[in-house]
There are 2 protein chains.
Amino acid sequence: MTDISYPTKDIRLAVDCIIFGFSGSELSLLLIHRGFEPEKGLWSLMGGFVKDDEHLDESPRRVLKSLTGLDDIYLEQVHAFGDVGRDPGGRVVSLTYFALIRKETEDEVLLDEHDARWFPITDLPELIFDHQEMVKSALKQLILKTRIQPIGFNLLPEKFTLPELQSLYEAIYGRRLDDRNFRRRILSLGILEKLEEKEKSNSKKGAYLFRFDKTAYDALREDAAKMNVFLTLF
Amino acid sequence: MTDISYPTKDIRLAVDCIIFGFSGSELSLLLIHRGFEPEKGLWSLMGGFVKDDEHLDESPRRVLKSLTGLDDIYLEQVHAFGDVGRDPGGRVVSLTYFALIRKETEDEVLLDEHDARWFPITDLPELIFDHQEMVKSALKQLILKTRIQPIGFNLLPEKFTLPELQSLYEAIYGRRLDDRNFRRRILSLGILEKLEEKEKSNSKKGAYLFRFDKTAYDALREDAAKMNVFLTLF
DNA sequence: GCAAAAGTGTTTTGTCTACACCCATGA
DNA sequence: TCATGGGTGTAGACAAAACACTTTTGC
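All values reported here derive from a predicted model rather than from experimental measurement.

Trainee: Help me out: how do you make sense of the overall build of chain A in this one?
Mentor: Along chain A, the regular secondary structure elements total six helices and ten strands. Taking 2.2 N^0.38 as the reference for a compact globule, 234 residues should give roughly 17 Å; the C-alpha atoms of chain A span a radius of gyration of 19 Å, in line with that estimate. Seen through its C-alpha atoms, chain A measures out along the principal axes to roughly 60 × 45 × 30 Å. Within the span of chain A, comprising 234 residues, buried residues form 48% of the whole. Sequence separation of 24 or more characterises 67% of the internal contacts of chain A that already satisfy a separation of 6 or more.

Structure follows, in structure tokens:
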């Protein structure tokens, strides 16, 4: 939350966004520099108050649009934080959402205006209030969800290489994966469409580009649902 | 939510509890009969408004205490529901919590006073507002969580038999499990302490009682955490 | 021709599945 | 003695883990 007015003594409802991005081999978070008291100078999640006539899930969309210029962001509600006194300005209950965005699609000018910066998830600055805890729970949810739903693709360009995809999983899970096993596993699911093109910016040989095949995934998921069985992607 | 007053035009924050219980071989939900308009005569989740100076997680505890007389209930926050117009009485954002309680520990008199009744999860009555959706998401979370954390024990007495435990998992997952495989798997984790006593109410031979061994589980979980690896219970 | 990343296969190990019979006891 | 639920073992299928070398090509 960045809004500094706390008009009533009643509970106010805010949203805070944990914005994940990925590039190279690093998972990172978009944070904004807090230019006012309290806790001026620290960093915080992007947030805002929920409007009276606004659908809950619209609220983070509006906030993200204002920060990045982007629509169509993958968003998932994480948790409501409501300790009395968590926000020194009054009783604010904050709903957190994590967002997955494709870095380099965001609007640099808007980011600058908000004094926003990307930080590697492994090296975050000090955050205001309970935002550290919010990040932690969002990351946990991202990890769990990634295992069972193909949401990671929202962090990659539409076309991506297998080494890129592997790096992403490694960044999310925080551990190295065996390339051969990774390939075999992810390809065996049949949810990746191999393209003819190669991406040559990372190597001389070039790596084949793939695209996520939503239709194939939906079929896979339906099969699993029919048998009341758990689907694990990786 | 059962409170019928909506004092302001601003967003009000409520909690609704999805109360799971287990007995025999059935997972069930505790619902209350709605005695006033709108939607009088239907059934609803137990709920209430969050108080101005109340810690969020305290709110469902208070609500549950008033309904069942119980403290020390396993509670987990699920999701915030905030469609504009989801509650015809005003803008109410409702936070849902699922609760796991040991049936037969609850206070019958209080339940009667609230016109509360247990319903099998497979055969629920019509619910008010979006409570159906709330139940669905809570059940989904229960299923997912059960796989990776030993929360099911909160639905069983402290001492339980393996057939009981298996029935519980079957009820939660909604499918039959092989007894031999179930036993092998759950025992191999080493998180159950076998007692000398037998429980004879379900069979002539009697089944050994077990107790959840939290210490062993914590050690197991820590090992998994160290290796950044996923822990699956069943 | 060499450095750097992409791509490929096999063996071993362990885990999950499927499946059928004996045991203990109260009635 | 029989009906009922509790308890056990094994073989085969499958999936995961471990592991090393070849390919391509820009420089």
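Trainee: So what exactly am I meant to see when it comes to unusual backbone geometry here?
Mentor: Residues apart from glycine generally show negative phi values, whereas peptide bonds are mostly found in trans. Here the bond from Glu37 of chain A into Pro38 of chain A is cis, since omega is -5°, no more than 30 degrees from zero. With a phi close to 80°, Glu104 of chain A is a non-glycine residue in the positive phi region. Counting through the fold element by element, Glu104 of chain A comes out in the loop between strand 6 (92-100) and helix 2 (108-113). The phi angle at Asp115 of chain B is positive, at roughly 60°, despite the residue not being glycine. By the secondary structure assignment, Asp115 of chain B is in the loop between helix 2 (108-113) and strand 7 (116-120). The class for Asp115 of chain B is partly exposed, based on a relative accessible area of 39%.

Trainee: Explanation requested: the pairing of strand 4 (residues 46-49) of chain A in the structure shown.
Mentor: Every regular strand shows the same layout, with side chains that alternate between the two sheet faces. Residue and element names in this part refer to chain A. Alternating positions in strand 4 separate into two faces, Met46 and Gly48 on one and Gly47 and Phe49 on the other, with burial throughout. Pairing between strand 1 (residues 12-23) and strand 4: four bridges, direction antiparallel. Bridge assignment links Asp16 to a residue of strand 4, and that residue is Gly47.

Trainee: Can you walk me through the relation of the copies chain A and chain B in this structure?
Mentor: Note on the chain copies: they are related by a rotation about an axis and a translation along it. Between chain A and chain B, the superposition needs a rotation of 180° and an axial shift of 0.0 Å, giving an RMSD of 0.0 Å. What we have between these two chains is a two-fold relation. Both copies share a contact surface, since 100% of the interface residues of chain A are interface residues in chain B too.

Trainee: In this structure, what is going on with the packing of aromatic side chains? I would like to understand it.
Mentor: Where two aromatic rings form a pair, the distance of their centres and the angle of their planes describe that pair. All names here are of chain A. As enumerated under the stated definition, the model contains 22 aromatic pairs over all chains in all. Relative to Phe234, the ring of Phe182 has its centre 5.0 Å away and its plane inclined at 50°; by these criteria the two rings are tilted. Here the residue Phe182 occupies a position in helix 5 (residues 179-188), and Phe234 occupies one in the segment after helix 6 (214-226), the gap between them amounting to 52 residues. We classify Phe182 as buried; its relative accessible area is 0%.

Trainee: When you look at the protein's contact with DNA strand D in this model, what are you seeing that I'm missing?
Mentor: Taken together, 19 residues lie near DNA strand D, and Arg180 and Arg185 of chain A together with Arg183, Lys205 and Tyr208 of chain B sit nearest. For DNA strand D, the fraction of atoms within 4 Å of the protein that belong to sugar or phosphate moieties is 46%. Taking Arg185 of chain A, its side chain carries an N or O atom lying 3.0 Å from a phosphate oxygen of DNA strand D. Only helix 5 of chain A together with helix 5 (179-188) and strand 10 (207-212) of chain B provide two or more residues apiece to the surface near DNA strand D. In terms of residues, the surface near DNA strand D owes the most to one element, helix 5 of chain A, which gives four residues. Its residues assigned to classes, the surface near DNA strand D comprises three nonpolar, four polar and twelve charged.

Trainee: Before we go on, may I ask you to explain a positive patch on the surface in this structure?
Mentor: All names here are of chain A. A contiguous patch of positive charge, built from Arg183, Lys194, Lys198, Lys200 and Lys205, is present on the exposed surface. Of note, Lys200 is situated in the loop between strand 9 (192-199) and strand 10 (207-212). Accessibility expressed as a relative area gives 53% for Lys200, which makes it exposed.

Trainee: Just to check I follow, could you spell out the interface of chain A and chain B for this structure?
Mentor: Interface size is commonly expressed as the accessible area that is lost once the parts come together. Contacts between the two partners involve 34 residues from chain A and, on the opposite side, 34 residues from chain B. Counting the surface lost from both chain A and chain B, the interface buries some 2700 Å², and carbon and sulfur atoms represent 54% of this. For chain A, the biggest contributors to the area lost against chain B are Ile11, Asp52 and Phe230 of chain A; these three give 23% of the whole. Between chain A and chain B we count zero salt bridges in total. On the surface where chain A and chain B come into contact, there are 16 residue pairs in polar contact (both at pLDDT 80 or more). Elements with a contribution of two residues or more to the side of chain A that touches chain B: strand 5 (74-81), strand 6 and helix 3 (131-148) of chain A. Here the residues of the side of chain A that touches chain B sort into 16 nonpolar, eight polar and ten charged.

Trainee: Would you take a moment to explain the packing of helix 3 (residues 131-148) of chain B against helix 4 (residues 162-173) of chain B for this structure?
Mentor: Helix-helix packing is described using two parameters, namely the angle between the two axes and the distance between the axes. All names here are of chain B. Orientation of helix 3 relative to helix 4, taken along the N-to-C sense of each, is 140°, at an axis distance of 9 Å. Here helix 3 is positioned oblique relative to helix 4, judged by the angle of their axes. Contacts between helix 3 and helix 4 involve Leu142, Ile143, Thr146 and Arg147 on the former and, on the latter, Tyr169, Ile172 and Tyr173. Class assignment of the residues belonging to the contact of helix 3 with helix 4 gives a composition of five nonpolar, one polar and one charged.

What counts, and at which threshold
- Residues numbered from 1 in each chain as written.
- Chains lettered and ligands numbered in written order.
- Predicted model: local features only at pLDDT ≥ 70, side-chain atom pairs only at ≥ 80, totals over all residues.
- Heavy atoms only, no water.
- Helix = DSSP H or I, 4+ residues; strand = E, 2+ residues; numbered from the N terminus.
- Rg over C-alpha atoms; globule rule 2.2 N^0.38 Å.
- Buried < 20%, exposed > 50% of the residue type's maximum accessible area, 1.4 Å probe, protein only.
- Contact = heavy atoms within 4.5 Å.
- Pairing = 2+ DSSP bridges.
- Least-squares fit on C-alpha atoms with pLDDT ≥ 70 in both.
- Phe/Tyr/Trp six-rings, centres within 6.5 Å; stacked < 30°, edge-to-face > 60°.
- Near = heavy atom within 4 Å.
- Polar contact = N/O pair within 3.5 Å; in protein donor to acceptor, adjacent residues only side chain to side chain.
- Nonpolar A, V, L, I, M, F, W, Y, C, P; charged D, E, K, R; others polar.
- Patch = residues over 30% accessible without salt bridge, like charges linked within 9 Å, V, L, I, M, F, W, Y side chains within 5 Å.
- Areas by Shrake-Rupley, 256 points an atom, 1.4 Å probe, with all protein chains shown as cover.
- Salt bridge = Lys/Arg side-chain N within 4 Å of Asp/Glu carboxyl O.
- Lys, Arg positive; Asp, Glu negative; His and termini not counted.
- Charge placed at Lys NZ, Arg CZ, Asp CG, Glu CD.
- Buried area = accessible area lost by both parts, 1.4 Å probe.
- Axes fitted to C-alpha atoms, helices over the stretch in contact; angles between N-to-C directions.
- Parallel < 35°, antiparallel > 145°, perpendicular 65-115°, else oblique.

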